Amino acid sequence: MTDGQRSIDCLEALDRLYEYIDEELTPVRAEEVRRHLEKCAPCLAVSNFESAYLKFVEARAKAREAPEKLRKRLLERLLFEPDEPPGS
Amino acid sequence: MSDTSGPRREAFEAEALPHLDTVYRVALRLSGNEAQAEDLAQETMLKAYRSWHQYKPGTNARAWLLTILRHTFINEYRKARRRATEVDVSRIESFTVFEDVQETDPEGKFFEQIVDEDVLRAIDRLPDEFRETLVLSDVEGLPYAEIAEVTEVPVGTVKSRLFRARQALQRELYDYAVEMGYIKRRDE
């Protein structure tokens, strides 16, 4: 073990799971989770399930773009705005 | 004075306009309907343009726009939002849906049968602060620190809201999938 890395149990691994999936952990803490998942099939199964779920939510909810009429209306409105801020 | 290609407009078009899709999608989830989302998104972008001199070039334009959006929503639109029955996020325990499906569908294939509109409807039933946190993270992909900045809470609060929002939404979607016959409940 280097860099303060230590062995963690299931409770701790699952407690950090979302931060691990979201890549919000420091490299040392992420490596601890990764090592735990490598040797713990039940936790790995939870991790795979949660990752799949998050990908699914993103795919379902991100399929929308700003409507073209909004973009057009906005660009038209901007033409009526002065280019310099007031008082400058 | 040129109205079409001044430096402010150029900078705004380069740094702010690329985030219009994000601003619109978040506006849609905050307000709950398309007409209001368009008004809210347009108002946000116009306010941003008018106060562009307060933006520091090269910093995070997305977080800045989303902060303006959120304030505009809270001050002018929130009262008008039609309330659906809210999902209860107070009694969330860890990974209980996985426990229910680990023997029948451990990869969560049942999710794939749920269509966009049903997922969005379930997201819309989350309480405000949980919905905005989940949308910023799981739809728009903002890091925790940026969500904390936009929603004006500590990162620890973002984490706990996100955990409960994700688990509550997952439970809603699972119950819906059971109801639709996409998956059998464990004890059936």
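Scroll up to find the structure.
What you see is a predicted model, and the numbers here were worked out from it, not measured in a lab.

A.B. asks: Would you mind going over the packing of helix α5 (residues 68–79) of chain A against helix α2 (residues 20–31) of chain B with me for this structure?
C.D. replies: When two helices pack together, their arrangement is given by the angle between the helix axes and the distance between those axes. In the contact formed by α5(A) and α2(B), the axes pass within 12 Å of each other and the chain directions differ by 115°. Crossing geometry of α5(A) relative to α2(B) is assigned as right-handed. Between α5(A), through A:Leu70, A:Arg71 and A:Leu74, and α2(B), the contact on the second element is made entirely by B:Leu20, B:Asp21 and B:Tyr24. Residue composition of the contact of α5(A) with α2(B), by class: 4 nonpolar, no polar and 2 charged.

A.B. asks: Explanation requested: the layout of surface pockets in the structure shown.
C.D. replies: Taking a probe equal in size to a water molecule and rolling it over the atoms shows the remaining empty space. A volume near 370 Å³ is recorded for the largest pocket. Considering the residues around the largest pocket, the lining is formed by 15 residues, among which A:Ile21, A:Asp22, A:Glu58, B:Ser137 and B:Arg166 are closest to the centre. Counting only elements with at least two residues in the lining of the largest pocket, the list comes to α4 (41–61) of chain A together with α7 (128–139) of chain B. Ranked by the residues each element gives to the lining of the largest pocket, the list is headed by α4(A), at 4 residues.

A.B. asks: Hey, could you run me through the packing of aromatic side chains in this one?
C.D. replies: The geometry of an aromatic ring pair comes down to the distance between the two centres and the angle between the two planes. This model, assessed by the stated rule, comprises 14 aromatic pairs over all chains. An angle of 35° between the planes, with centres 5.3 Å apart, marks the rings of A:Tyr53 and B:Phe111 as tilted. On the criterion of chain membership, the pair formed by A:Tyr53 in helix α4 and B:Phe111 in the loop between α5 (96–101) and α6 (116–124) is interchain, its members lying in two chains. Judged on exposure class, the residue A:Tyr53 and its partner B:Phe111 are both buried. With centroids separated by 5.0 Å and ring planes inclined at 85°, the aromatic side chains of B:Phe12 and B:Tyr49 adopt a geometry described as edge-to-face. Residue B:Phe12 is located in helix α1 (residues 7–15), and its partner B:Tyr49 is located in helix α3 (residues 34–50); the two are separated by 37 residues in the primary sequence. An identical accessibility class is assigned to B:Phe12 and B:Tyr49; each is buried. By way of ring pairs, the aromatic residues A:Phe49, A:Tyr53, A:Phe56, B:Phe98, B:Phe110, B:Phe111 and B:Tyr174 are connected into one cluster. When the ring centre of B:Tyr49 is taken as origin, the NZ or CZ atom of B:Arg8, which lies over that ring, is 4.3 Å away. Stacked on the ring of A:Tyr18, the Lys or Arg B:Arg166 has its end atom at 4.6 Å from the ring centre.

A.B. asks: Even after reading the chapter, I still don't get the interface of chain A and chain B, so can you show me in this structure?
C.D. replies: Frequently, the measure chosen for interface size is the accessible area removed from exposure when the parts meet. Across the boundary between the two partners, chain A contributes 38 residues, which contact 57 residues of chain B. Summed over both sides, the interface of chain A with chain B buries roughly 4,600 Å², with 60% coming from carbon and sulfur. A per-residue breakdown of the area chain A buries against chain B is headed by A:Phe49, A:Arg64 and A:Asp83, which together make up 17% of the total. Across the contact surface, chain A and chain B share 11 salt bridges. Note that B:Glu112 and A:Arg60 form a salt bridge whose closest N and O atoms lie 3.7 Å from each other. Inspection of the chain A/chain B interface yields 21 residue pairs in polar contact (both at pLDDT 80 or more). Going through the elements one at a time, α2 (17–21), α4 and α5 of chain A are the ones with two or more residues in the side of chain A that touches chain B. The greatest single-element share of the side of chain A that touches chain B, amounting to 12 residues, is contributed by α4(A). Looking at side-chain class alone, the side of chain A that touches chain B contains 22 nonpolar, no polar and 16 charged residues.

Rules used throughout
Residues numbered from 1 in each chain as written. Chains lettered and ligands numbered in written order. Predicted model: local features only at pLDDT ≥ 70, side-chain atom pairs only at ≥ 80, totals over all residues. Heavy atoms only, no water. Axes fitted to C-alpha atoms, helices over the stretch in contact; angles between N-to-C directions. Helix = DSSP H or I, 4+ residues; strand = E, 2+ residues; numbered from the N terminus. Left-handed = near helix turned anticlockwise from the far one by under 90°. Contact = heavy atoms within 4.5 Å. Nonpolar A, V, L, I, M, F, W, Y, C, P; charged D, E, K, R; others polar. 1 Å grid on protein atoms, 1.4 Å probe; cavity = no way out; pocket = protein on both sides within 12 Å on 5 of 7 lines; lining within 4 Å. Points joined across faces, edges and corners; volume = space filled by probe spheres on them. Phe/Tyr/Trp six-rings, centres within 6.5 Å; stacked < 30°, edge-to-face > 60°. Buried < 20%, exposed > 50% of the residue type's maximum accessible area, 1.4 Å probe, protein only. Lys NZ or Arg CZ within 6 Å of the ring centre and 35° of its normal. Buried area = accessible area lost by both parts, 1.4 Å probe. Salt bridge = Lys/Arg side-chain N within 4 Å of Asp/Glu carboxyl O. Polar contact = N/O pair within 3.5 Å; in protein donor to acceptor, adjacent residues only side chain to side chain.

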